[in-house]
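# Examining the three-dimensional arrangement
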Amino acid sequence: MAVAIHLAEVRTRIRQAAIHAGRDPESVRLVAVSKTKPVDMIREALEAGQTDFGENRVQEMQAKYPELPEVRWHLIGTLQTNKVKYIAPYVHLIHSVDSTRLLAEIDRQAGKVGRTLDCLLQLHISDEATKSGMDETEAAQIVEQIDLYPHIRIRGLMGMAALTDDRALIRQQFRSLRIASGVLSAVSHPRVEMQELSMGMSGDFDIAIEEGATLVRIGSAVFGGR
Ligand SMILES: *Cc1c(COP(=O)(O)O)cnc(C)c1O
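Everything in this summary refers to the structure shown in the same document. In this numbering scheme, every chain counts its residues from 1 along its sequence in written order. With pLDDT at 70 or above as the cut-off, local features in this predicted model cover only qualifying residues; side-chain atom pairs require 80 or more to be listed or tallied, and sums for whole chains, interfaces and linings still use all residues. Calculation of side-chain values draws on the structure's entire complement of heavy atoms; hydrogens and water are dropped beforehand.

## Things to note about the overall build of the protein
- The numbering of helices and of strands both runs from the N terminus, where a helix is a DSSP run of H or I of at least 4 residues and a strand a run of E of at least 2. Helix and strand counts for the protein stand at 9 helices and 8 strands.
- Burial here depends on accessible area, computed with a 1.4 Å probe over protein chains only, as a share of the maximum for the residue type. Under 20% is buried, over 50% is exposed, and the range in between is partly exposed. Taken across its 226 residues, the protein has 50% of its residues classed as buried.
- For this analysis, residues touch if any pair of their heavy atoms sits within 4.5 Å. In the protein, the share of contacts with a sequence separation of at least 24, taken over all contacts with a separation of at least 6, comes to 61%.
- What sets the accessible areas is the Shrake-Rupley method with a 1.4 Å probe; for residues, cover comes only from the shown protein chains. About 10400 Å² of surface is accessible on the protein, with carbon and sulfur atoms providing 50% of the total.
- Charged-residue counts in this description rest on Lys and Arg as positive and Asp and Glu as negative, His and the chain ends being excluded. Where a charge lies is defined by one atom per residue type, namely NZ (Lys), CZ (Arg), CG (Asp) and CD (Glu). Computing the positive centroid from 27 side-chain charges and the negative centroid from 30, the protein places the two 3 Å apart.

## Let's talk about the nonpolar core
- Ranked by internal contacts, the top residues of the largest apolar core, which has 65 residues, are Ile-94 and Ile-106.
- If you tally residues by element for this core, the top one is helix H1 (residues 2-20), at 6 residues.
- The contact partners of Ile-94, leaving out residues within four places of it in the chain, are Leu-75, Leu-79, Ile-87, Ile-106, Leu-117, Asp-118, Cys-119 and Leu-120.
- Buried Ala, Val, Leu, Ile, Met, Phe, Trp, Tyr and Cys residues form a nonpolar core when they are joined through side-chain atoms within 4.5 Å. Core analysis: the second largest hydrophobic core is formed by 5 residues, Val-31, Leu-93, Leu-120 and Leu-215 among them.

## Examining the site of the ligand
- The near set for a molecule or strand comprises every residue that places at least one heavy atom within 4 Å of it. Near the ligand the following residues occur: Val-33, Lys-35, Ile-76, Met-160, Met-201, Ser-202, Arg-217, Ile-218, Gly-219, Ser-220 and Arg-226.
- One of the side-chain nitrogen or oxygen atoms of Arg-217 is found 2.9 Å away from a nitrogen atom of the ligand.
- In the complex, the protein chains occlude 90% of the 390 Å² of accessible area that the ligand would expose alone.
- Charged means Asp, Glu, Lys or Arg here, nonpolar means Ala, Val, Leu, Ile, Met, Phe, Trp, Tyr, Cys or Pro, and polar covers whatever is left, Gly included. Broken down by class, the residue content of the shell around the ligand amounts to 5 nonpolar, 3 polar and 3 charged. Between N or O atoms, a polar contact is any pair within 3.5 Å; within protein, one atom must be a potential hydrogen donor and the other a potential acceptor, and residues adjacent in sequence are included only when both atoms are from side chains.

## Notes on the packing of H1 against helix H2 (residues 39-47)
- Remark: H1 packs on H2, axes separated minimally by 8 Å, with the N-to-C direction vectors making an angle of 50°. With respect to their mutual orientation, H1 and H2 come out oblique. Both H1 and H2 take part in a crossing whose hand is right-handed. For the pair H1 and H2, the contacting residues are Ala-2, Val-3, Ala-4 and Leu-7 in the first and Met-41, Glu-44 and Ala-45 in the second.
- Along the lines of polarity and charge, the residues of the contact of H1 with H2 split into 6 nonpolar, no polar and 1 charged. For helices, the fitted axis covers only the stretch in contact; all axes are lines through C-alpha atoms, and the angles between them, taken along N-to-C directions, range from 0 to 180 degrees. Any angle that is under 35 degrees is reported as roughly parallel, and any over 145 degrees as roughly antiparallel; angles of 65 to 115 degrees are reported as roughly perpendicular and all others as oblique. Here is the rule for handedness: rotate from the far helix to the near one, and if that takes an anticlockwise turn smaller than a right angle the crossing is left-handed, while a clockwise turn gives right-handed.

Okay, here's the thing in structure tokens:
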């Protein structure tokens, strides 16, 4: 019950932020971040029409997915190369590709299961050393060399803003992701589509939508605190 209510509230806020920014509300997709939350709560969200869910740990996604086969699973947290093989058969979108080495392993595992995997390149947009992500130069190198990764489709970029009350700084960081996306979209290749911008969490998704987010990753505002 509570999940359905919070979900409806978040959807309303997403719509409002999109309209405020002069954007089509349908251009922003909600990824409900269900990490640490039980399957029952996810089912409640599913019944309320939510289809996309995000987890930041492979082990937790692995435990949940057999019980919820209808979910579109998004991997949003740091992914270790030795865990890629577990999610390759079913993951919908990997948001957190932070190195060439990881991308090469995703490509290898995708090939083994006969899939082309949709990935976002995670850029380091905050000045916090704790947040992962590659720099623009590495991202540019990957898109230029996409032929090296025949089982990968680059769908866009992901970024996390600094944990701060400074909304102008957050906006600047999200804007830098959008600008990077514009630069990288100059590369023309059937497996490079710089269409998705995954940015914005419970505390800052309104700013992210104003700056062009197409995927917002929202946990606590939907499922409650952790
Ligand atoms: C946990 C998490 C979120 C959601 O955070 P909330 O503040 O609960 O909305 C979004 N993105 C990533 C990468 C996360 O790990």
